[in-house]
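# Residue-level structure breakdown
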Amino acid sequence: MAATANKAIIASVDLQSFTEYLKGCRRILALLGAGISAASGLPTFRGAGGLWRHYDATSLATPEAFDDNPGLVWQFYSYRRHMALQAQPNKAHYALAELSRRNKDFITLTQNVDGLSQRAQHPLEQLNLLHGSLFDIKCTSFYCNYSRQNDFTDPIAPALDIPKHSSLLGPSKTDKSGEEASNSLQDALEDKATAKDVDISDTNNPIPELTQEDLPQCPKCNGLLRPGVVWFGEPLPTDTLEKIDNWVESAPIDLILVIGTSSSVYPAAGYVDVARNHGAKVVVVNMEKDMPTRGKGACDWFFQGDAGVIVPEILK
Ligand code: BV8
Ligand code: ZN
């Protein structure tokens, strides 16, 4: 049903002019957000069906939260690692990978850390991870530079085994699986409406404290390891930003595809204006119609619906 509804929406939108324009495009940029992975069953941070609507993921995706309670933050990330490993790339991920193979002047900036674009065989030299990866790990010791990529161990430490802790971080009540979440962390957080009100260092919360020994340890210095993602308040990887800026400045841009993002996190969201200022037309694919991107200088095409259905349609 949803697919036909999406088809109807695509048919009613000026797909003809978009496909005509796309044929003449060479330099194309894509900005991906959590919405592209929603079709793979992974919850978004905000918007339709967000798993973290009940509590604000941004309150856990910070260095302060990790310093305050590394056990809690590791349980949050262990759960997301587990979910991402259970998920499969969807047709949107594959369509973008295919476009990359066809067009070496097409680069993708993804805000997502779930690894699904990589698993869709997206050419890595054209895929820019703005916010890192759930499967990169690095040491927190000041003098130690240990890190490792593509660590798909699940659970990454026995104490973080999700089945044992499913009562902690089980799927949200809105989760597609429909499982009734019996989640003492979620209950604790929901009791206080949103995590913003939840002081995660508040020892009264019935959240089992994991000791540092329970958490991933550095093989070099025995220090505490952390997820290799960019937290709020942390800078994005400079080498990635430089690579993107060089591409942007090298010639005018024909098109930016803005797919499944609330465009609310910076500097990632800023690339829409950057592309527009370098001549790009803007196409937005989003489940919700009141898109911030539409507000700002609007967009040239807007396709409303599931990216997993629309993206392969409009790129074929
Ligand atoms: C930094 C990794 C500076 C962790 C994430 C201006 C300039 C610079 C910074 C700022 C600024 N203003 C504010 C800031 C600070 C901050 C920020 O942007 N805050 C926001 C909340 C206002 N930015 C930062 O802190 C950044 N760092 O700027 O550092 C600096 C410089 C030098 C030295 C020190 C510091 C770092 C930001 C990175 C944070 N990390 N992820 C993790 O994942 O746990 S961001 C996180 O949010 C995810 O990556 C996620 O992708 C991202 C953005 O969200 P979206 O992807 O858009 O997802 P969302 O749920 O919001 O929306 C989903 C959309 O999909 C919705 O629109 C929905 O309608 C749609 N949808 C749903 N289902 C579907 C769908 N669409 C299509 N199909 C569907 N099926
Ligand atoms: Zn170390």
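Rules of the game
All residue numbers refer to positions counted from 1 along the written sequence of the respective chain. Whichever chain is written first is A, and whichever ligand is written first is 1; the rest continue in order. Only residues with pLDDT of at least 70 get local features here, since the model is predicted, and only at 80 or more are side-chain atom pairs given and counted; chain-wide, interface and lining totals rely on the full set of residues. Side-chain calculation: all heavy atoms of the structure are included, whereas hydrogens and water are not. Here a donor is an N, O or S atom found within 2.8 Å of the metal, or within 3.2 Å if the metal is Na, K or Ca; sites may look incomplete because water is not among the atoms. Geometry assignment treats four donors as tetrahedral when all angles are between 85 and 135 degrees, treats four as square planar and six as octahedral when opposite donors are over 155 degrees apart and all others between 65 and 115, and treats everything else as irregular. Each helix corresponds to a stretch of at least 4 residues labelled H or I by DSSP, and each strand to a stretch of at least 2 residues labelled E; elements are numbered beginning at the N terminus. Relative accessibility under 20% of the residue-type maximum defines a buried residue, over 50% an exposed one, and the middle range a partly exposed one, all with a 1.4 Å probe and only protein chains included. Multiplying 1.5 Å by the helix residue count minus one yields the expected span of that helix. N or O atoms closer than or at 3.5 Å make up a polar contact, with two conditions inside protein: a donor-capable atom paired with an acceptor-capable one, and, for residues adjacent in sequence, both atoms drawn from side chains. Only heavy atoms are used to decide nearness, and a residue is near a molecule or strand if one of them lies within 4 Å of it. Using the Shrake-Rupley algorithm and a 1.4 Å probe, accessible areas are obtained, with residue cover drawn only from the displayed protein chains. Charged residues are taken to be Asp, Glu, Lys and Arg, nonpolar residues to be Ala, Val, Leu, Ile, Met, Phe, Trp, Tyr, Cys and Pro, and polar residues to be all remaining types, Gly included. Pairing between strands requires that DSSP locate at least two bridges from one strand to the other. Whether two residues are in contact is decided by their heavy atoms: any pair within 4.5 Å suffices. Where helices are involved, their axes are fitted lines through C-alpha atoms of the stretch in contact, as for all axes, and angles between N-to-C directions lie from 0 to 180°. Here, patches come from residues exposed beyond 30% relative accessible area and free of salt bridges, joined within 9 Å for like charges and within 5 Å for nonpolar side chains (Val, Leu, Ile, Met, Phe, Trp, Tyr). In what follows, salt bridge is the name for a side-chain nitrogen of Lys or Arg lying within 4 Å of a carboxyl oxygen of Asp or Glu. Just so you know, the count uses Lys and Arg for positive and Asp and Glu for negative, and it drops His and the chain ends. Each charge is placed at NZ for Lys, CZ for Arg, CG for Asp and CD for Glu. Working definition: roughly parallel below 35 degrees, roughly antiparallel above 145 degrees, roughly perpendicular at 65 to 115 degrees, and oblique for all remaining angles. Here a crossing is taken to be left-handed if its near helix is turned anticlockwise relative to the far helix by less than a right angle, and right-handed if that turn runs clockwise.

## Section: the coordination of the zinc ion (ligand 2)
Looking at the zinc ion (ligand 2), the protein donor atoms are Cys 139 (SG), Cys 144 (SG), Cys 218 (SG) and Cys 221 (SG), and they sit 2.2 to 2.4 Å from it. Between the four donor atoms coordinating the zinc ion (ligand 2), the angles at the centre fall across 100 to 115 degrees, so the site counts as tetrahedral. As a motif over one chain, the donors of the zinc ion (ligand 2) read C-x4-C-x73-C-x2-C. In this pair, Cys 144 sits in the loop between strand E4 (132-139) and strand E5 (147-148) while Cys 221 sits in the loop between helix H9 (184-191) and strand E6 (225-229), placing the two residues 77 residues apart along the sequence. Overall, the relative accessible area of 13% leaves Cys 144 in the buried class.

## Considering helix H6 (residues 91-102)
If you check H6, its first and last C-alpha atoms are 16 Å apart, about what 12 residues at 1.5 Å a residue would give, namely 16 Å. Listing the buried residues of H6 in full gives Ala 92, His 93, Ala 95, Leu 96, Ala 97, Leu 99 and Ser 100. N-cap assignment for H6: the residue whose side-chain oxygen lies 2.8 Å from the backbone N of Ala 92 is Asn 90.

## A look at the site of ligand 1
Near ligand 1 lie 36 residues; those nearest to it are Phe 45, Arg 46, Tyr 77, Arg 80 and Ser 262. Note that an oxygen atom of ligand 1 is positioned 2.7 Å from one of the backbone N or O atoms of Tyr 266. Between ligand 1 and Asn 286, the relevant distance is 2.8 Å, taken from an oxygen atom to a side-chain nitrogen or oxygen of the residue. Out of a free accessible area of 1500 Å², ligand 1 has 76% covered by protein chains. Of all the secondary structure elements, the ones that give two or more residues to the shell around ligand 1 are helix H3 (35-38) and helix H5 (70-86). Here the shell around ligand 1 is built from residues that sort into 18 nonpolar, 13 polar and five charged.

## Comments concerning the sheet that holds E5
Ordered in space as E5-E4-E6, the three strands form an open sheet in which the pairing is antiparallel. Each edge of the open sheet carries a strand with a single partner, namely E5 and E6. Across four bridges, E4 lies against E6 in antiparallel orientation. By the bridge assignment for E6, Ile 137 is matched with Pro 227. Across the face of the sheet, H5 comes into contact with E4 and E6 while running at roughly 135 degrees to E4.

## Regarding the sheet that holds strand E8 (residues 281-286)
With parallel pairing, the six strands of this open sheet are ordered in space as E3-E2-E1-E7-E8-E9. The open sheet has two free edges, formed respectively by strand E3 (127-129) and strand E9 (301-304), since each of these has just one partner strand. Averaged over all pairs of adjacent strands, the angle between their axes in this sheet comes to 15 degrees, without regard to strand direction. With five bridges joining them, strand E7 (residues 255-259) and E8 adopt parallel strand pairing. By the bridge assignment, Ile 256 is partnered in E8 with Val 282. Sitting on the sheet, H6 touches strand E1 (28-32), strand E2 (106-110) and E7, and the angle it makes with E2 is about 145 degrees. The sheet contacts of helix H11 (residues 270-277) involve E1, E2, E7 and E8, and relative to E7 the element is tilted by about 160 degrees.

## A few points about a negative patch on the surface
Taken together, Asp 239, Glu 242, Asp 245 and Glu 249 make up a surface patch of like negative charges. Relative to the helices and strands, Glu 249 resides in helix H10 (residues 238-250). Residue Glu 249 is classed as exposed on the basis of its relative accessible area, which comes to 56%.

## Looking at the pairing of E4
Across the eight residues of E4, seven count as buried, placing the element largely inside the fold. Relative to E5, E4 is paired through two bridges, and the arrangement is antiparallel. By the bridge assignment for E5, Lys 138 is matched with Ser 147.

## Thoughts on the packing of H6 against helix H13 (residues 307-315)
The description of two packed helices rests on the angle between their axes and on the distance between the axes. Running from N to C, H6 and H13 point in directions that differ by 30 degrees, and their axes come no closer than 7 Å. Looking at the two axes, H6 sits roughly parallel to H13. Taken as a pair, H6 and H13 cross one another with a handedness that is left-handed. Across the interface between the two elements, Lys 91, Ala 92, Ala 95, Leu 96, Leu 99 and Arg 102 of H6 pack against Ala 307, Gly 308, Val 311, Pro 312 and Leu 315 of H13. Looking at side-chain class alone, the contact of H6 with H13 contains eight nonpolar, one polar and two charged residues.

## Thoughts on the pattern of salt bridges
Applying the stated rule across the entire model yields nine salt bridges. Glu 234 is the partner of Arg 226 in a salt bridge, and the nearest nitrogen-oxygen pair spans 2.7 Å. Judged by its relative accessible area of 22%, Glu 234 falls in the partly exposed class.

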